[in-house]
Structures are given as C-alpha cells and as structure tokens.
Amino acid sequence: MKIVIVGGSGRLGKKLVKSLRSRGHEAVAASPSSGVNAVTGEGLSKVLVDAKVVVDATSSPSFEDKAVLEFFLQSSRNLLAAEALAGVSHHVAVSIAGVDRIPDSGYMRAKVAQEKLIQSAEIPYTILRATQFFEFVETIVAQFPTDGQTVRVPSAFIQPILTDDVADALVDITLGVPINGIVELGGPERFRFDELIQQFLNANQDARQAIVDSDARYFGAKLSDRSLIPEDNSRIGSTRFQDWLNR
C-alpha cells in the first residue's frame, strides 16, 4: 500500500516511514525538502498519485498565534482537497491530548481548528491525540522561569510518552480502518510537573530544584490538573520515563 507521510522528515515522521517500509509498504516521506509543501500546495497532486493513506505529522515552525493558525488551516485545506482528488481513503492526523482543554494557548486553538476541518471533510479519518514526547521535556524545562537554583513549574499532571511508542500506535492506526473519530494516547506514568522535571534535572546533573508555583504557565497557558493528560480509556505506551533517561 502506498502511504504518504506529510512531515516525514521530522522526528516522528522518520520513525513512521521506517516502520511502515519494514512491513513492506511504500511509505513516502513528503516535506519541503522533498519538493512537497502542504502550506503552498506544491507537489501534493504528484506525491498523492495512487496513495491510499495520508498521515499528517507536520508541526508548525512558529508558535506565534496567528502564524500557527494559518499554518494548520492552510496546510490541512490543501491536503484534504488534494486527497479528495486523488481518491485517498484514509486521512490520519497527529494531534495533542487535551488540545480542547487549553483555550488560552494559541497552538492548541490552532490544532482544534485543524481537527474541525478534518472532521467536516468527506475523507474518512482518524485523529491520534498524543501526550508530550519524552524528547520534548528539555524544551518544556527551558520555557519555565528559573529563579537562582529553582525552576518554577505548575502543579498539573503530565503523562509523557516516548516517540517510538507514538510511532507504533500510528502504524496500527495507519494500517487499520478509519474510525472517523479520535484515539488518545499517553505514556505509562502520570507525574506532577515538579516530579517529572526533577527527574530530568537529576538525570542531567542539573543542580536546580523544581518547585510548584501556582502562577507558572505552560508555554503561556494556565493548566488545570487534567489539561494535558489523556482520557481514562486511552491507549498507553510501554516505555517508562526513567528507563528512557537511563539510556
């Protein structure tokens, strides 16, 4: 089966392409570097010839509210229109767990808008909402305020997951039938932010201490306990955070 992975040169996309190819499928990595640009529409009609499934694993190059909204809306419109013309039978999109519970985040609002576009199109679809990747924790730490030797973090829960586990779930979804709905995915452990960040700091010989601050924001957004965690009946990855750190 020919499967086109838009964003196939990214961290998650590369893993998905490799895994699908190992199973004998024609997995095509589509990105601006390969002449395919979903935002402008360049190369879409050509790369989608004979494709049965399209996986949208793109991420916005900007976190600015207007830019990220334009990115996801324009790229999704172009993709869905090209897929309709090409006869694609399954649109798979990667989203974020809790995306509809953080309205003061411009990035999350943009992902909600993208999901609505997909849901209103005529192409059968599956949306995978995953929690934050282990590999993203360093970036999360960096955006929290540091006061001397303390890092101020929210008290909310977070349930991160290894990118490889997300790729495994995506393989199953991509090779399965579209559900015209949402699958949620999280890691095997749920932490308070200070617990997770302290483990990361300790593993990297960083002497700072993570402390809870009720005013701390997550990329500018205020979190509740359940903002970032998946629903109770979600699919769960297998890799524990400390095992990943130990590698």
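Attention here is on the structure that accompanies the text. All of these numbers come straight from a predicted model, not from anything done at the bench. (Residues numbered from 1 in each chain as written. Predicted model: local features only at pLDDT ≥ 70, side-chain atom pairs only at ≥ 80, totals over all residues. Heavy atoms only, no water.)

**Concerning the packing of helix H3 (residues 65-86) against helix H4 (residues 106-120)**
Here's step 1: Relative to each other, H3 and H4 sit at 15°, their axes nearing to 8 Å. The orientation of H3 relative to H4 falls into the category roughly parallel. Pair H3 / H4 crosses with right-handed handedness. Seen from H3, the contacting residues are Asp65, Val68, Leu69, Phe72, Leu73, Ser76, Arg77 and Leu80; seen from H4, they are Gly106, Tyr107, Arg109, Ala110, Lys111, Ala113, Gln114, Leu117 and Ile118. (Axes fitted to C-alpha atoms, helices over the stretch in contact; angles between N-to-C directions. Helix = DSSP H or I, 4+ residues; strand = E, 2+ residues; numbered from the N terminus. Parallel < 35°, antiparallel > 145°, perpendicular 65-115°, else oblique. Left-handed = near helix turned anticlockwise from the far one by under 90°. Contact = heavy atoms within 4.5 Å.)

**A look at the packing of aromatic side chains**
The geometry of two aromatic rings is summed up by the distance between their centres and the angle between their planes.
Here's step 1: Under the criterion given, the structure shown has 12 aromatic pairs.
Here's step 2: Aromatic pair phenylalanine 134 and phenylalanine 241: ring centres 5.2 Å apart, planes at 75°, arrangement edge-to-face. A residue pair is termed long-range when its members are at least 10 positions apart, and phenylalanine 134 in the loop between strand E5 (125-130) and helix H5 (137-143) and phenylalanine 241 in helix H8 (residues 241-246) qualify at 107 residues. Accessibility classification places phenylalanine 134 together with phenylalanine 241 in one group, the buried group.
Here's step 3: An aromatic cluster of three or more residues is present, and its members are Phe63, Phe71, Phe72, Tyr107, Phe136, Phe144, Phe193, Tyr218 and Phe219.
Here's step 4: The ring of phenylalanine 157 carries the charged tip of arginine 192 above its face, separated from the ring centre by 3.8 Å. (Phe/Tyr/Trp six-rings, centres within 6.5 Å; stacked < 30°, edge-to-face > 60°. Buried < 20%, exposed > 50% of the residue type's maximum accessible area, 1.4 Å probe, protein only. Lys NZ or Arg CZ within 6 Å of the ring centre and 35° of its normal.)

**Comments concerning H4**
Here's step 1: For H4, with 15 residues, the first-to-last C-alpha span of 21 Å sits near the 21 Å given by 1.5 Å per residue.
Here's step 2: Burial runs high along H4: 11 of the 15 residues are buried.
Here's step 3: Listed as buried for H4 are Gly106, Tyr107, Met108, Ala110, Lys111, Val112, Ala113, Gln114, Glu115, Leu117 and Ile118.
Here's step 4: At its buried positions, H4 is contacted by strand E3 (53-56), H3, strand E4 (90-96), E5 and strand E9 (181-186). (Expected span 1.5 Å × (residues − 1).)

**Description of helix H6 (residues 163-175)**
Here's step 1: A rise of 1.5 Å per residue sets the reference length of H6, with its 13 residues, at 18 Å; its end C-alpha atoms lie 18 Å apart and thus fit the reference within 8%.
Here's step 2: Among the residues of H6, Thr163, Asp165, Val166, Ala167, Ala169, Leu170, Val171, Ile173 and Thr174 are the ones counted as buried.

**Points about the pattern of salt bridges**
Here's step 1: The tally for this structure, following the rule as stated, stands at 13 salt bridges.
Here's step 2: Arginine 152 is the salt-bridge partner of aspartate 213, the closest N and O atoms lying 4.0 Å from each other. Residue aspartate 213 is located in the loop between strand E11 (209-212) and strand E12 (235-236), and its partner arginine 152 is located in strand E7 (residues 150-153); the two are separated by 61 residues in the primary sequence.
Here's step 3: Three or more residues are tied together by salt bridges with common partners; here these are Asp100, Glu115, Arg129 and Glu184. (Salt bridge = Lys/Arg side-chain N within 4 Å of Asp/Glu carboxyl O.)

**Here's the deal with the pairing of strand E1 (residues 2-6)**
Here's step 1: Buried residues dominate E1, accounting for five of its five residues.
Here's step 2: Every second residue of E1 is oriented toward a common face, with Lys2, Val4 and Val6 on one face and Ile3 and Ile5 on the other, all of them buried.
Here's step 3: Bridge count between E1 and strand E2 (residues 26-30): five bridges; the pairing is parallel. When the sheet's bridge partners are listed, valine 6 is paired in E2 with alanine 30. (Pairing = 2+ DSSP bridges.)

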